[in-house]
There are 2 protein chains.
Amino acid sequence: MRTPPHPAQDELELPQVLHALSDPVRLEIVRALDGASELACSCLGAPVSKSTLSHHLKVLRDAGITWTRAEGTQRLVSLRTDDLEACFPGLLRSVLSGLGRGVARQVV
Amino acid sequence: MRTPPHPAQDELELPQVLHALSDPVRLEIVRALDGASELACSCLGAPVSKSTLSHHLKVLRDAGITWTRAEGTQRLVSLRTDDLEACFPGLLRSVLSGLGRGVARQVV
DNA sequence: GAGAGGGTTCGAAAGCCTTCGAACCAGGAT
DNA sequence: ATCCTGGTTCGAAGGCTTTCGAACCCTCTC
């Protein structure tokens with residue numbers, strides 16, 4: 001299983017990043033990744049099917065929000081905190097802190 | 001011309017706000033509003049038709065990002081900076097500062 | 001080599017988004 | 001009253017999103 005392609009830091013686009021973050025399922029994934037260094041897809045606990053989860057992870061990866069690397073039989077996902085901070089200072093932190101407030105209820 | 005409905009501060013939803021900000025045309029509108037206290041729709045200079053502009057302004061308004069009030073024959077739009085800051089501290093600022101970097105080229 | 005586990009890809013369905021022009025509405029000016 | 005101006009609403013077209021199950025691919029283990 002090869003490591004999938006990722007955009008370079010200077011290729012990150014604000015609209016794409018914001019769009020990737022505008023979905024409740026993906027926000028939940030980002031929240032799960034925050035604080036954890038790396039997580040396997042199966043540890044994200046998203047309430048969707050395997051194929052849908054794979055799709056959401058691809059959206060996050062293509063937007064430059066997460067990094068995915070192959071590790072044996074599974075894939076480990078982590079936040080590209082530093083790259084995001086370099087391109088859009090403060091954005092990820094403000095999104096993550098805003099997440100606490102009244103998002104959980106609609107992630108059902 | 002009546003003032004259209006706006007969501008209350010405690011009704012703002014993060015995914016909706018991020019989605020509203022994920023469109024290049026709307027980001028351009030937000031940038032134009034930043035720094036100006038109030039602008040008429042026609043002063044926003046968005047490269048779209050009247051009806052499309054009206055639609056984008058509605059999306060921003062419904063997400064709680066802008067405030068629209070009737071003033072004679074026209075409508076004045078402004079950013080709800082304080083409400084956004086109260087709900088999602090730092091978000092608007094980080095988006096606006098990230099806007100400078102490489103967004104203009106794709107707003108064609 | 002055969003299997004099992006973890007993810008991806010394919011194809012399809014349903015819904016939402018963006019965009020436009022045409023028609024409309026409301027205030028102000030003539 | 002009539003018209004002009006600035007915006008909204010309607011209806012429609014086209015594209016993109018989200019979602020799923022089925023089939024597939026890798027890698028590790030037996």
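Given the structure is predicted, the values throughout are model-derived calculations rather than measurements. (Residues numbered from 1 in each chain as written. Chains lettered and ligands numbered in written order. Predicted model: local features only at pLDDT ≥ 70, side-chain atom pairs only at ≥ 80, totals over all residues. Heavy atoms only, no water.)

> Please explain helix 5 (residues 91–99) of chain A as it appears in this structure.
Since the α-helix advances by 3.6 residues per turn, residues separated by three or four positions end up pointing in the same direction. When you tally the buried positions in helix 5 of chain A, you get 7 out of 9 residues, the bulk of the element. Listed as buried for helix 5 of chain A are Leu-91, Leu-92, Ser-94, Val-95, Leu-96, Gly-98 and Leu-99 of chain A. (Buried < 20%, exposed > 50% of the residue type's maximum accessible area, 1.4 Å probe, protein only. Helix = DSSP H or I, 4+ residues; strand = E, 2+ residues; numbered from the N terminus.)

> Sorry, what's going on with the protein's contact with DNA strand C here?
The immediate surroundings of DNA strand C are formed by 20 residues, with Lys-50 and Ser-54 of chain A together with Met-1, Thr-52 and His-56 of chain B found nearest. Here the atoms of DNA strand C within 4 Å of the protein split so that 60% fall in sugar or phosphate, with bases taking the remainder. Contact distances for DNA strand C include 3.2 Å between a phosphate oxygen and a backbone N or O atom of Cys-41 of chain A. Elements represented by at least two residues in the surface near DNA strand C include exactly helix 3 (50–63) and strand 3 (74–79) of chain A together with helix 3 (50–63) of chain B. Among the elements that make up the surface near DNA strand C, the one with the highest residue count is helix 3 of chain B (4 residues). Residue classes in the surface near DNA strand C are distributed as 5 nonpolar, 11 polar and 4 charged. (Near = heavy atom within 4 Å. Polar contact = N/O pair within 3.5 Å; in protein donor to acceptor, adjacent residues only side chain to side chain. Nonpolar A, V, L, I, M, F, W, Y, C, P; charged D, E, K, R; others polar.)

> Quick question: what am I supposed to make of the sheet that holds strand 3 of chain A here?
By definition, the strands of a sheet pair up through backbone hydrogen bonds, in either a parallel or an antiparallel sense. Residues and elements named next belong to chain A. The 3 strands lie next to each other as 1-3-2, forming an open sheet whose pairing is antiparallel. Each end of this open sheet is capped by a strand with a single partner; those strands are strand 1 (39–40) and strand 2 (66–71). Two elements, strand 2 and strand 3, share 6 bridges in a ladder whose sense is antiparallel. Along strand 3, the bridge assignment pairs Ala-70 with Arg-75. Packed onto the sheet, helix 3 meets strand 2 and strand 3 and runs at close to 120° relative to strand 2. (Pairing = 2+ DSSP bridges. Contact = heavy atoms within 4.5 Å. Axes fitted to C-alpha atoms, helices over the stretch in contact; angles between N-to-C directions.)

> What is the right way to look at the sheet that holds strand 3 (residues 74–79) of chain B in this model?
All names here are of chain B. Pairing within the open sheet is antiparallel, and its 3 strands lie in the order 1-3-2. A single partner strand is all that each edge strand has here, and the edge strands are strand 1 (39–40) and strand 2 (66–71). Helix 3 contacts strand 2 and strand 3 of the sheet and is inclined by roughly 120° relative to strand 2.

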